[in-house]
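# Descriptive analysis of the structure
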Amino acid sequence: MSNVRISNGSPTLERMEARQSEYPKPSACRNLFGPVNHEELNRDLKKHRQEMEEACQRKWNFDFQNHKPLEGRYEWQAVEKGSSPDFYFRPPRLLKAVCKSASRQSLDVNGNCQNVVFVGSQGISEDTHCVDQKTDVSENQTDFAEQCTGQRKRPATDGNIPLLKIKEPTQQKKRFQKTPPVPVQWSKHPRNQAQEDIKRKPFSPPRCRAEDARVLVHRVRQLHPALDLGFTSATVVV
Amino acid sequence: MEHQLLCCEVETIRRAYLDANLLNDRVLQTMLKAEETCSPSVSYFKCVQKEILPYMRKIVATWMLEVCEEQKCEEEVFPLAMNYLDRFLSFEPLKKSRLQLLGATCMFVASKMKETIPLTAEKLCIYTDNSIRPDELLQMELLLVNKLKWNLAAMTPHDFIEHFLTKMPLAEDTKQIIRKHAQTFVALCATDIKFISNPPSMIAAGSVVAAVQGLHLGNTNTFLSYQCLTHFLSQVIKCDPDCLRACQEQIESLLESSLRQAQQHNVSSETKTVEDEADLSCTPTDVRDVNI
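Residues numbered from 1 in each chain as written. Chains lettered and ligands numbered in written order. Predicted model: local features only at pLDDT ≥ 70, side-chain atom pairs only at ≥ 80, totals over all residues. Heavy atoms only, no water.

### Focus on the overall build of chain B
Helix and strand counts for chain B come out as 13 helices and one strand. Its helices and strands taken in sequence order, chain B reads β-α-α-α-α-α-α-α-α-α-α-α-α-α from the N to the C terminus. Here chain B, with 292 residues, has 57% of them falling under the buried criterion. The contacts in chain B between residues at least 6 apart in sequence include a share of 76% that link residues at least 24 apart. By element, 53% of the accessible surface of chain B is carried by carbon and sulfur atoms, the whole surface being about 13,000 Å². (Helix = DSSP H or I, 4+ residues; strand = E, 2+ residues; numbered from the N terminus. Buried < 20%, exposed > 50% of the residue type's maximum accessible area, 1.4 Å probe, protein only. Contact = heavy atoms within 4.5 Å. Areas by Shrake-Rupley, 256 points an atom, 1.4 Å probe, with all protein chains shown as cover.)

### Overview of the overall build of chain A
The helix and strand inventory of chain A stands at six helices and seven strands. Listing each helix as α and each strand as β along chain A from the N terminus yields β-α-β-β-β-α-α-α-β-α-α-β-β. In chain A, buried positions account for 42% of the 238 residues. Nonlocal contacts in chain A, meaning residues at least 24 apart in sequence, comprise 76% of its contacts between residues at least 6 apart. Total accessible area computed for chain A in this model is approximately 14,100 Å², and 52% of it derives from carbon and sulfur atoms.

### Looking at the side chain of Thr105 of chain B
Note on placement: Thr105 of chain B falls in helix α5 (residues 99–114). Setting aside chain neighbours within four positions, we find Thr105 of chain B in contact with Leu137, Met140, Glu141 and Leu144 of chain B.

### Brief notes about the state of the cysteines
All names here are of chain B. Tallied over the entire structure, the rule returns zero disulfides over all chains. There is no disulfide at Cys73, and the cysteine sulfur nearest it, in Cys68, is 4.2 Å away. On the accessibility criterion, Cys73 (1% relative accessible area) is buried. Cysteine Cys247 shares no disulfide, and the gap to the nearest cysteine sulfur, in Cys189, comes to 6.3 Å. (Disulfide = S-S within 2.5 Å.)

### So, the packing of aromatic side chains
All names here are of chain A. Enumeration over the complete set of coordinates arrives at six aromatic pairs over all chains. Measuring from centroid to centroid gives 5.2 Å for Phe62 and Phe64, while their planes differ by 50°, and the two rings are tilted. Accessibility assignment for this pair places Phe62 and Phe64 in one class, buried. Pairing Phe62 with Trp76 gives two aromatic rings, centres 4.2 Å apart and planes at 45°, and the pair type is tilted. Here Phe62 is found in strand β2 (residues 62–63), whereas its partner Trp76 is found in strand β4 (residues 75–79), with 14 residues between them in sequence. Residues Phe62 and Trp76 agree in their burial class; the two are buried. (Phe/Tyr/Trp six-rings, centres within 6.5 Å; stacked < 30°, edge-to-face > 60°.)

### Here we look at the packing of α5 of chain B against helix α7 (residues 134–147) of chain B
Any two packed helices are characterised by the angle at which their axes cross and by the distance between the axes. Residue and element names in this part refer to chain B. Viewed as axis vectors pointing N to C, α5 and α7 meet at an angle of 75°, and their least axial separation amounts to 9 Å. It follows from the interaxial angle that α5 and α7 lie roughly perpendicular. Between α5, through Leu101, Leu102, Ala104, Thr105, Cys106, Phe108, Val109 and Lys112, and α7, the contact on the second element is made entirely by Glu136, Leu137, Leu138, Met140, Glu141, Leu144 and Val145. For the contact of α5 with α7, a count of residues per class yields eleven nonpolar, one polar and three charged. (Axes fitted to C-alpha atoms, helices over the stretch in contact; angles between N-to-C directions. Parallel < 35°, antiparallel > 145°, perpendicular 65-115°, else oblique. Nonpolar A, V, L, I, M, F, W, Y, C, P; charged D, E, K, R; others polar.)

### Quick notes on the confidence of the model for chain B
Across chain B, pLDDT averages 87, with 88% of residues at or above 70. Under a pLDDT of 50 for its full length, residues 269–292 of chain B has, in the predicted model, 46 contacts with residues more than four places off or in other chains. (pLDDT = per-residue confidence, 0-100.)

Given below as structure tokens:
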């Protein structure tokens, strides 16, 4: 193969060739600043990761590792699967594309597909953004994605996991004071039993007025494997 | 040489057409505002970093450009990656031995932002001579995007170049050659610490002027004459024409010194030298092929 020459005809001003799957040339493969202390690096990266996890847990008062809501600003509730559009459940399309695309298992490491969708109460509306384009990371719900990370390789059964709904009662607090929310029972294995919980309890409609309600849906898939998000989506009613 | 096979089947890359609706003044004004929010701190070497020195940025930047070139990345990937790198270093003190990891991670994320088929983590690790591992790169990615507050769609000079060209009354092939040359200057500027204080719009305008000057297009087209063009572009980006000229001169002197260094280096690889010499004769085109 070393004799095969790839011709791009006359040199174009625009780069048009696709990426070659060949291995990098040795000339560009170099270590610039000496050996990396992997042990130390991994320790530091782990520390950073823990900090991010803690910040995320504080922010959303949700224990992402054990998939349990905590006390705090948001009130988490399980919601019925059918009450949200199906794109929160259906498996990511990307997986298919990845399988088809000519190359290789390396996409596992490469992939890092990160999907974050914000949806207005009307379903998919102009409120839908990609997080990449967010420039506002100040104190509002849009920086949800800022520190949340999830499992990318989700099991195929993910579609069966119910959505979690969280409420932020700060503004409407007074209105709701007289009717304290019924606490959701969290089983030890919410993945398997949450569905049953829902069957037993009828789904209670959101208590704030529809026009006030903004539903924020977050679909996160992995950036790193350590965080095991038991859920795939969360719905926020503010 | 004996027999060689000539393969003409080249997989071409698929790109979307530019959206004409996005190349208007309203968008340009928004971009001029937005570029301020994604700019790195000018003084991070002094104020934040303890181990990392300006010359190390040059080393890592040169390597990154080489990788982007070899992997035929989209042109924006490299400047965007450098924007991430500078912004990260503006917040976080980093060990020298991890600078390459950061550089690789920045390319990894920038490539995902701009390309249909992004660079893989393994490939980037190979380019570091396997001094880092894919899982470390993924962990670093998480840290990077967090430190950048997920604000990844930073403006690059390339975004502005398209706007400038749209506004210029020129034939398409003239625009294409200006674009190509200007993009080369942009990449060159991204490797140099002196340009860190210039916003992307300024780099873009300076690069376009330098490209037109280098191509001697001002002689035949009055619109492209030096005075006229600098006046026009400085109005578009709302800056003083003198600032723009200063930036353009800085770009030209950077090019000159880079070429001089490259000649001393005497590039050894077979194909590259031929291209370089051809370009050097009239105007420096592919500075990126020069081993800076």
